[in-house]
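Descriptive analysis of the structure
Letter by letter, the chains look like this.
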Amino acid sequence: MRSIKPRYLRRRAFPRYVSTSVSAQPQITPITSLLIANRGEIALRINQTAKRLGIQTTTLYTDPDASSQHAACSPHSIGLGAANGYLDGERIVKLAKQHGIQALHPGYGFLSENSAFARRCEEEGIVFVGPPAQAMADMGDKARSKEIMTKAGVPCVPGYHGSEQGELELLNHAKEIRFPVLLKSVKGGGGKGMRIVMEEGEFLQQLKSARAEARASFGEGGEVMLVEKYIIRPRHVEVQVFADKHGNCVALGERDCSVQRRHQKILEESPAPNLDDVTRLDLWDKARTAALAVGYVGAGTVEFILDKDSGEFFFMEMNTRLQVEHPVSEMVTGTDLVEWQFRVAAGEKLPLTQKEIMERIAERGAAIEARIYAESPEKGFLPDSGKLVHLTTPKPNEDVRIDAGFVEGDTVTEAYDGMIAKLIVRGDDRETAIRKMELALQSYEVVGLSTNIEFLKRLCKSPAFIEGDVETGFIEKWKTELFDPIVVKPEVYVQAALGISASSPASVERPHGGPLGFGHNGGERTFFFKSLDALNEKEGEVVEVSIIQKDNQLFDAKITRNGEEIQTMENIVSSPISSSGKATLTTFFPGMRIDTTVVQDPNNDHKITVFQRGGKTELSLVSPTWYEKALGLKEVTASVVAPMPCKILKNEVKEGDKVVKGTPLVVIESMKMETVIRSPQDGVIKRLAHKEGDKCKAGTVLVVFEENTDAE
């Protein structure tokens, strides 16, 4: 992780005193330690700045996080036990008191926007590095916040924010607003408990689903819903605000977070593209008005919906905490916002004026953040989990920053959000920043779980994104382009074969004495690969590759694909270096040099991952047909399995039902997200392996089909 240098402050010692109250001349209390009540990359991020400022830190961890990077980053770390321990506010407050820790930073998520938790910290004399509990309560209740904003003259989206919460009552309010409408929890955030309802007939089903997800994410009270008019072509534009205890409030620019999936951001940038200065400054002004209306102190983000058709914008909500995407604002303002949080909590005035911030933004160009998730975009952004058996990252520098909570060898657990890292880049202008982002993404190599990195690369190449033509429905609008089929080039298969040849000796024998991976001639080895990439236009195709070694580091290769002529490559010069299931190759093909990394997954030695020319290809090393017949092997295709550890929420079909490809089969919950498992084929349901409420491991059979039966 790159060190964040305090380029914006005069060199001076960090004050020895911190205030717990808001006043013109705040009383000060000595600060000696900080409890970081969070996990992952944000815990590491806070720890970095705190240590630079001479603050002793203590971290927390749960059983799934016992070996995590954030647990190890401080010599003082306290175990919380079960996975939900980060939500046990009363216990965390008691631990802070028990260990004599005087300040607490909540990070984001978990208890960061829990006003009761902030109030308990205040009551116990613990400095809560965040806004006052009352301001948090006012803005944390989505209905209450809209009342306050309306009175303050900040425009709000038309909708119902009241106490009538019966299903039919909410339906009637939705009819009055007119469909389409947006359902979201009053305690909502991060897309949890949020649903778009396009027509009346689907309202009640979507309401039940939103409430279930909100309760799981936010606990009691999460099921209370807002109903708002859904804007057809919205942009999500938010303003980073910061206020001190002296009545000062500034905006540190705006961020466009329109590119989303599952109502969660995956790309954020500042400044927002294609936004005129009049609208931009109006957004800043309204955001400051919103913060001052509730006596806000500290870092906050005021979120707006901007209607692309009318140009109007409306207040959506205020996040009373540091945002996941705060590094974007740091890059365009040259600031460390965590340090600002500490200084404001200490009673200092804001380090910069609004004029100074505007000057910095004008000088520092544009910044973009990409969230790197454990998920499979090609499968509907299905979450994933697992061990990072191989991890290579871009090299950080002044304009390339990585905030990560994991290193190679760590396990990304299904118990929490699947974000692996944040990649942030800065350029002198937006076009440069996009190019830098694409180049940095090409340096990533991840094996052990699925990620969205290849999808992020395609986003960076999208003409609509490059032009700044963004909206919250961007991915759906451009899905044909973003999920366009790919062609695996023959050089990928050759490099895979050369890499495996270097990693596994040719003397290895398989059952029945059959030598898998080489022929009768000791100088020739033959491999059979099947592409695992869901976007491969020939997905499932078996490609035969023969490698003939002619001399030291000199090879010929033959590639055989179904229905195509055999392709021959002669006099290939390659120097593979192999170690622990990984091979790096520099290979000179006729007319070109290609550098490649080939990784065999230690948990599945038939799975091969090839990184080449900034791209990733996943292959399966398969047995030749004669080998399968000799052993009587048969691929299991008559069932659907759990893609990750999960809980069964609902079976959508019954035994005996005829289904077609794409039919919803089972609704599961993992990483606090609901996912619909759909049928991969036409068929008849023979058996449902689990009932609602069951917990399943990854790979567990969920649905079994009748064999040799076609659905009508």
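Residues numbered from 1 in each chain as written. Predicted model: local features only at pLDDT ≥ 70, side-chain atom pairs only at ≥ 80, totals over all residues. Heavy atoms only, no water.

**A look at the pattern of salt bridges**
A complete count under the given rule lists 55 salt bridges for this structure. Here K422 ties to E41 by a salt bridge, and the two come within 3.2 Å at their closest N and O atoms. Here K422, found in strand β26 (residues 419-427), pairs with E41, found in helix α1 (residues 40-52); they are 381 residues apart in sequence, far enough to count as distant. Take K422 and E41: they sit in the same class, and that class is buried. Linked by salt bridges that have partners in common, R45, R52, E330, D336, E339, R343, E348, R401 and D403 make up one network. (Salt bridge = Lys/Arg side-chain N within 4 Å of Asp/Glu carboxyl O. Helix = DSSP H or I, 4+ residues; strand = E, 2+ residues; numbered from the N terminus. Buried < 20%, exposed > 50% of the residue type's maximum accessible area, 1.4 Å probe, protein only.)

**Digging into helix α13 (residues 430-442)**
Every α-helix winds through 3.6 residues per turn, so residues three or four apart in the chain are directed the same way. Taking 1.5 Å of rise per residue, 13 residues should cover 18 Å, and α13 covers 19 Å from first to last C-alpha, within 8% of that figure. Residues R430, T432, A433, I434, M437, E438, A440 and L441 constitute the buried set of α13. Of the surrounding secondary structure, the elements contacted by the buried residues of α13 are β16 (267-270), β19 (366-373), β24 (400-404), β26, α14 (453-461) and α15 (463-466). Its side-chain oxygen placed 3.3 Å from the backbone nitrogen of E431, D429 serves as the N-cap of α13. (Expected span 1.5 Å × (residues − 1). Contact = heavy atoms within 4.5 Å. Polar contact = N/O pair within 3.5 Å; in protein donor to acceptor, adjacent residues only side chain to side chain.)

**Quick notes on the sheet that holds strand β4 (residues 56-61)**
The five strands lie next to each other as β5-β4-β3-β6-β7, forming an open sheet whose pairing is parallel. The two strands at the open ends of the sheet, each matched to only one other strand, are β5 (77-79) and β7 (127-128). The pairing of strand β3 (residues 33-36) with strand β6 (residues 103-105) spans three bridges and is parallel. When the sheet's bridge partners are listed, L34 is paired in β6 with A103. (Pairing = 2+ DSSP bridges.)

**Let's talk about the sheet that holds strand β10 (residues 192-197)**
Hydrogen bonds between backbone atoms are what pair the strands of a sheet, whose relative direction is either parallel or antiparallel. With antiparallel pairing, four strands are arranged side by side in an open sheet as β8-β11-β9-β10. Strands with a single pairing partner mark the edges of an open sheet, and in this sheet they are β8 (159-160) and β10.

**Looking at the packing of aromatic side chains**
On inspection of all chains with the given rule, the structure shows 14 aromatic pairs. The interplanar angle of 65 degrees and the centroid separation of 5.6 Å between the aromatic rings of Y86 and Y416 together place this pair among those described as edge-to-face. Here Y86, found in the loop between β5 and α3 (89-98), pairs with Y416, found in the loop between β25 (411-412) and β26; they are 330 residues apart in sequence, far enough to count as distant. Overall, the relative accessible area of 1% leaves Y86 in the buried class. For Y416, a relative accessible area of 4% translates into the label buried. Relative to F455, the ring of F381 has its centre 5.2 Å away and its plane inclined at 85 degrees; by these criteria the two rings are edge-to-face. (Phe/Tyr/Trp six-rings, centres within 6.5 Å; stacked < 30°, edge-to-face > 60°.)

**Quick word on the pairing of β4**
With four bridges connecting them, β3 and β4 associate as parallel partners. Within β4, the residue paired with L34 across the bridge is T57. Handedness of the crossover is the feature at issue here: the chain leaves β3, passes through α1, returns alongside β4, and the resulting connection is right-handed. Two elements, β4 and β5, share three bridges in a ladder whose sense is parallel. (Right-handed = clockwise from strand over helix to strand, strands pointing away.)

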